[in-house]
2 protein chains.
Amino acid sequence: MNNNTLEQFKEYLHKMRQYDHVLTLLYWDLSTLAPEKGVEARMNAINYFSTESFRLSTADEYGEMLKELSKPEQFDALDETMQLTVKRYLRDYERFKRIPEEFYSSYTEVKTRSERAWEKAKRAADFSQFAPHLEKVISMTKEYVHYMEPDEEAYEVLLDLYEEGMDSKTIDRVFDELKEGLLPLLKKIEESGRPDLSALEGTYDMEAQKKVQDMLLSYIGFDKDAGATAESEHPFTTDLCIGDVRVTNHYSEKDPISAMFSAIHEGGHAIFGQNIDPAYEDTALEQVNMMGLHESQSRFFENILGRRRSFWVPIYDKLGELLPQFRKVPLDTFCRAINDVHPSLIRTEADEVTYCLHIILRYEMEKAIFRDNTPVDELPQLWNDKMEELLGIRPENDGEGILQDMHWSDGSFGYFPSYLLGSMYDGMFLEALEKEKGSVDTILEEGRISEITSWLNEKIHRYGSRYTSAEVLQRVCGKELSAQPLLDYFNQKYAKLYGFQK
Amino acid sequence: MNNNTLEQFKEYLHKMRQYDHVLTLLYWDLSTLAPEKGVEARMNAINYFSTESFRLSTADEYGEMLKELSKPEQFDALDETMQLTVKRYLRDYERFKRIPEEFYSSYTEVKTRSERAWEKAKRAADFSQFAPHLEKVISMTKEYVHYMEPDEEAYEVLLDLYEEGMDSKTIDRVFDELKEGLLPLLKKIEESGRPDLSALEGTYDMEAQKKVQDMLLSYIGFDKDAGATAESEHPFTTDLCIGDVRVTNHYSEKDPISAMFSAIHEGGHAIFGQNIDPAYEDTALEQVNMMGLHESQSRFFENILGRRRSFWVPIYDKLGELLPQFRKVPLDTFCRAINDVHPSLIRTEADEVTYCLHIILRYEMEKAIFRDNTPVDELPQLWNDKMEELLGIRPENDGEGILQDMHWSDGSFGYFPSYLLGSMYDGMFLEALEKEKGSVDTILEEGRISEITSWLNEKIHRYGSRYTSAEVLQRVCGKELSAQPLLDYFNQKYAKLYGFQK
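What you see is a predicted model, and the numbers here were worked out from it, not measured in a lab. (Residues numbered from 1 in each chain as written. Chains lettered and ligands numbered in written order. Predicted model: local features only at pLDDT ≥ 70, side-chain atom pairs only at ≥ 80, totals over all residues. Heavy atoms only, no water.)

A. Quick look at the overall build of chain A. Assigned secondary structure in chain A consists of 22 helices and three strands. Relative to the globule expectation of 23 Å for 502 residues, the C-alpha radius of gyration of chain A, 23 Å, shows essentially globular dimensions. Projected onto its principal axes, the C-alpha positions of chain A cover 70 × 50 × 45 Å. Looking at the 502 residues of chain A, the share that counts as buried comes to 61%. Summarising the internal contacts of chain A: among those between residues at least 6 apart in sequence, 75% fall at separations of at least 24. When the accessible surface of chain A is totalled, it reaches about 20300 Å², and 46% of it is carbon and sulfur. Of note, chain A has its 58 positive side-chain charges centred 3 Å away from the centre of its 92 negative side-chain charges. (Helix = DSSP H or I, 4+ residues; strand = E, 2+ residues; numbered from the N terminus. Rg over C-alpha atoms; globule rule 2.2 N^0.38 Å. Buried < 20%, exposed > 50% of the residue type's maximum accessible area, 1.4 Å probe, protein only. Contact = heavy atoms within 4.5 Å. Areas by Shrake-Rupley, 256 points an atom, 1.4 Å probe, with all protein chains shown as cover. Lys, Arg positive; Asp, Glu negative; His and termini not counted. Charge placed at Lys NZ, Arg CZ, Asp CG, Glu CD.)

Quick look at the structure:
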């Protein structure tokens, strides 16, 4: 009896995975290859299969299996993987079951259209094109989470959706802690003046930049037999399955460094996805919806490793072979360039220090949207004011202001804090790694980066979403979330780089 | 009542199209991007959605709608598009209904695995790796068509599947007619000796070759807002919908001409797909399964236009800009190179004259497989013998012999004759075009190629599969299929090019 329900349940999960696979591919292709005149047909397909997938995840027969397997006599006989799967999926089932199918289907369509509208509005730097879509997405997102958790505050539900167990109280605490530590550091850095980066100016071949991406991906441990690359407006990573995790990039002729760090960032995400225990296939543990934990891995590679001189020592000659302009740039100049801390408008191009403030800005915007119900037409001004307050600069148009990120266009409110949570986890992971393996600089300089990747695989990646982020921090670092290790890392690094007292 | 069934039927067709869309994308991505370790998951998805799609096209409710709409009082009230759709889909429904679902599902899986095995076997030039797959595909294809048409001979059913209304009697007649006309021509050409093509030897940049493809596609009228390009082992065209028709190519450093003609060939297919009347969307007329007609369009661009000196006059300088080696090659030398008629082993690289014999070889092989039941392990030898008989040369390994084409790996037996039928249609279309618009050389030399593309759009493409190939020939040329116009075109062209008497 037990076995029978379990077998049926596994078959059902496998069937649901086929819809995930296809939807992931439909979106991937839409963002990387689908031509303008094929978009309408694509949206029809996305809408159709989203609805089918929703039906599967709210079907009565599915609910009955979940409830049956949750009964103590059945549940106790399950292995841990299945126990966690049943527990999480039952919670999701109950959440989704409260959403009317028609609402879900129309929400999906609204989000897909809004994403397309955002792309155009961003290109045109015209917020008015996007505003009606954003308004609709906000109100439907509120409705969506209200269906899921009618008794909870909307923004708290969103935070929990992207980082299980996270709440605004914790975020307020660590973001404040961070802000307080950052201000004196930024002041010192600003007083040190900016480096001369004119040696880097020029035009960089786009095809060669793609080869640099391949080189970097392979250097950090991306398995190209389990992934693929493509171009898109905004770099992203997509997981079709453990054996097929793909990254995109966006190249610019004038700025090769941006694409290099996007490659390392997305590569970090992909390495996480590629190294999940294959035994978790078709279970809840394969799906890592804890975005803070996921961002910690992309940002560990991008910042903690990628912005170190020692990271580049073994590959700087290769970079010069692929992009000959770098042959004339000494490694130290390059290092100053990739650690040029100064206020700037675009989050994805910001240095790792001011980046924190970009996220705090977005977190405050999201609270304004969800708690204060700030009207959509006031958001660009609010954005610009906050930018001036936090970073001392003001966008000249909305393309470099509120329109710069895609997240809100597809309803991903509550996602932004993950980036900064990820960075804070990274400070803690770095501490733990050095305690165990010694100086990261030594490991990198000696060309042993694969030992770091393996350490992350072993400590974090292979578990997929088995543990919550808080549990991972306890297991790996033995303590609770704190901003201090990240601040320590910043203070040490920049005191050395800019030559001021800590 | 009528309206009600019709509306339900249209909704049902729209739903079925979503499965076509997704399956097309799953295959496209498998051939262009999916990594090795993602193949297993992809096959699961293909198998799942193929089975779902099969269920939809054999569902009782679908059959009842088709039968209801076929009743005279309902049928007479339908427009012509819907009448044809109901008629064809009822025939397909009845054919498919006879196939057991389990068989269908296992046939799909066997074909997908066989395709992958073929790719590997081709790379290794090792027929033994592929033989067990081929054997399985042959026996299951026989079974498949026997289910569909139990009273018909298997190979006749296959020919009809790829070119409605076509039979081996007609093919025997025109292929014999052609063979008879080709032998004296080939003899004359051989006596004229081969041109000196050493000026073309060298290494050609792959990225530049991709730009040449873009240039050629745009020159012949491919709409890039309604399509996309990618790379694959074997060039192909894929139709997701009228607004999204994609082509692939395969590049080689030593031979830029092969990829150029693949680009023109696949571009011809794509232009057909992109120019079907949008009113046919979601109906049977959108789907052009008449492969002879489809190949006639790709081959018209590739051969009838692409291998003419006049085709290159307006763009030869551009070619030299993209691939500077061509600057040193006079246009006349280039023209001799792209019309270098001589026996060779690989079909896709063959000149347009000996190409005909490559197809005749495959047609004879297929008759041997389906009529004489020749055992699979005897096929490589039979291939090589026929190659020697028809073209006077013998492959040194199976990679350049029986393994060269993917068609048999996925069960597409009966497809090959389409290529040659397409060429024969082309001879007839050329005759009709020149009668109406004057010398094709003049039009091309004057840079008015878009007038030819428009003529094909107007006369052929927009109708999709509304008319059978035989009907198209009647409508456009006013006569029945004959090999004579193609022979006339060959005789005239090569007499001029090689300077011998016709």
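B. Region of interest: the interface of chain A and chain B. At the interface, 36 residues of chain A touch 36 residues of chain B. Of the roughly 2800 Å² buried at the junction of chain A and chain B (both faces included), carbon and sulfur atoms supply 63%. Across the chain A-chain B interface, the total number found is four salt bridges. Ionic pairing is found between D223 of chain A and K37 of chain B, a salt bridge with its closest N-O pair at 2.4 Å. Every element with two or more residues in the side of chain A that touches chain B is listed here: α1 (2-32), α2 (39-57), β1 (227-231), β2 (237-241) and β3 (244-249) of chain A. With ten residues, the top contributor of residues to the side of chain A that touches chain B is α1 of chain A. Counted by class, the side of chain A that touches chain B contains 16 nonpolar, eight polar and twelve charged residues. (Buried area = accessible area lost by both parts, 1.4 Å probe. Salt bridge = Lys/Arg side-chain N within 4 Å of Asp/Glu carboxyl O. Nonpolar A, V, L, I, M, F, W, Y, C, P; charged D, E, K, R; others polar.)

C. Looking closely at the relation of the copies chain A and chain B. Superposition of chain A onto chain B requires a rotation of 180° combined with a translation of 0.0 Å along the rotation axis, giving an RMSD of 0.0 Å. Here the two chains are linked by the operation of a two-fold rotation axis. Identified as the residue of chain A closest to the rotation axis by C-alpha distance is V22 of chain A, at 3.5 Å. Same-surface contact between copies: 100% of interface residues of chain A are shared with the interface of chain B. (Least-squares fit on C-alpha atoms with pLDDT ≥ 70 in both.)

D. Examining the nonpolar core more closely. Within the largest apolar cluster, 139 residues are counted, with the highest numbers of intra-cluster contacts made by F311, W312, L319, F326, F334 and F429 of chain A. Sequence-distant contacts of F311 of chain A, defined by excluding residues within four places in its chain, comprise L216, Y219, I220, I264, L305, G306, L444 and I449 of chain A. Y144, I315, C335 and L391 of chain B belong to the second-largest nonpolar core, a separate cluster that totals 138 residues. (Core = buried A, V, L, I, M, F, W, Y, C linked by side-chain atoms within 4.5 Å.)

E. Here's a closer look at helix α7 (residues 127-148) of chain B. Residue and element names in this part refer to chain B. The end-to-end C-alpha distance of α7 is 30 Å, a good match for the 32 Å that 22 residues give at a rise of 1.5 Å each. At H133, α7 shows its maximal bend, which comes to roughly 25°. Taken together, the buried residues of α7 touch α5 (80-97), α6 (101-124), α8 (154-162), α16 (354-370) and α17 (379-391). (Expected span 1.5 Å × (residues − 1). Bend = angle between axes of the 7 residues up to and from the residue.)

F. Seen up close, the pattern of salt bridges. Residue and element names in this part refer to chain A. In total, this model carries 89 salt bridges over all chains according to the counting rule given. A salt bridge links K493 to E352; its shortest N-O distance comes to 2.6 Å. Linking K493 in helix α22 (residues 484-498) with E352 in the loop between α15 (331-337) and α16 (354-370), this pair joins segments that are 141 residues apart in sequence. A single burial state applies to K493 and to E352, both of which are buried.

G. Fine view of the packing of aromatic side chains. Residues and elements named next belong to chain B. Using the criterion set out here, one finds 76 aromatic pairs over all chains in the structure. Their ring planes at 35° and their centres at 4.8 Å tell us that Y107 and Y144 sit as a pair that is tilted. Of the two residues, Y107 is situated in helix α6 and Y144 in helix α7; the sequence distance between them amounts to 37 residues. Accessibility classification places Y107 together with Y144 in one group, the buried group. Between Y219 and F311 the ring centres are 5.0 Å apart and the planes differ by 75°, which places this aromatic pair in the edge-to-face class. In this pair, Y219 is assigned in helix α10 (residues 206-220) and F311 in helix α13 (residues 309-312), connecting sequence segments 92 residues apart. Taking the relative accessible area as the measure of exposure, Y219 reaches 15% and is therefore buried. (Phe/Tyr/Trp six-rings, centres within 6.5 Å; stacked < 30°, edge-to-face > 60°.)

H. A look at the confidence of the model for chain A. Residues at a pLDDT of 70 or more form 99% of chain A, whose mean pLDDT is 96. In the predicted complex, the global pTM is 0.94; the interface-specific ipTM is 0.92. (pLDDT = per-residue confidence, 0-100.)

I. Here's a closer look at the packing of helix α18 (residues 417-437) of chain A against helix α20 (residues 449-459) of chain A. Residue and element names in this part refer to chain A. α20 packs onto α18 with a crossing angle of 115° between their chain directions and a minimal axis gap of 12 Å. Overall, the two elements α18 and α20 adopt an arrangement that is roughly perpendicular. Considering the relative orientation of α18 and α20, their crossing is right-handed. Each of F429, A432, L433, E436 and K437 in α18 lies in contact with α20, whose residues at this interface are E451, I452, W455 and K459. Classifying every residue of the contact of α18 with α20 by side-chain character gives five nonpolar, no polar and four charged. (Axes fitted to C-alpha atoms, helices over the stretch in contact; angles between N-to-C directions. Parallel < 35°, antiparallel > 145°, perpendicular 65-115°, else oblique. Left-handed = near helix turned anticlockwise from the far one by under 90°.)

J. Focus on the packing of helix α10 (residues 206-220) of chain A against helix α11 (residues 256-274) of chain A. Residues and elements named next belong to chain A. The N-to-C vectors of α10 and α11 enclose an angle of 35°; their axes lie 9 Å apart at closest approach. Handedness of the α10/α11 crossing: right-handed. Of the residues in α11, those in contact with Q209, V212, Q213, L216, L217 and I220 of α10 are P256, A259, M260, A263, I264, G267, G268 and I271. For the contact of α10 with α11, the class distribution of residues is ten nonpolar, four polar and no charged.

K. Region of interest: the pairing of strand β2 (residues 237-241) of chain B. All names here are of chain B. Among the five residues of β2, four are classified as buried, and the element is accordingly described as predominantly covered. In this sheet, strand β3 (residues 244-249) lies alongside β2 in antiparallel orientation, the contact comprising four bridges. Looking across to β3, one finds that C241 is bridged to D244. (Pairing = 2+ DSSP bridges.)

L. Up close: the state of the cysteines. All names here are of chain A. Summed over the entire model, instances satisfying the criterion amount to zero disulfides over all chains. With no disulfide of its own, C477 lies 18 Å from the sulfur of C356, the closest cysteine sulfur. Since its relative accessible area comes to 17%, C477 is described here as buried. (Disulfide = S-S within 2.5 Å.)

M. Spatial organisation of the sheet that holds β3 of chain B. All names here are of chain B. Spatial ordering of the open sheet is given by β1-β3-β2, a layout of three strands whose pairing is mixed. Of all strands in the sheet, those bounded by a partner on one side alone are β1 (227-231) and β2. Pairwise comparison of adjacent strand axes, ignoring direction, gives a mean angle of 20° for this sheet. One ladder, built from five bridges, connects β1 with β3; its direction is parallel. For E231, the partnering residue across the bridge sits in β3 and is N249. Packing against the sheet, helix α11 (residues 256-274) makes contact with β1, β2 and β3, and its axis sits at approximately 165° to β3.

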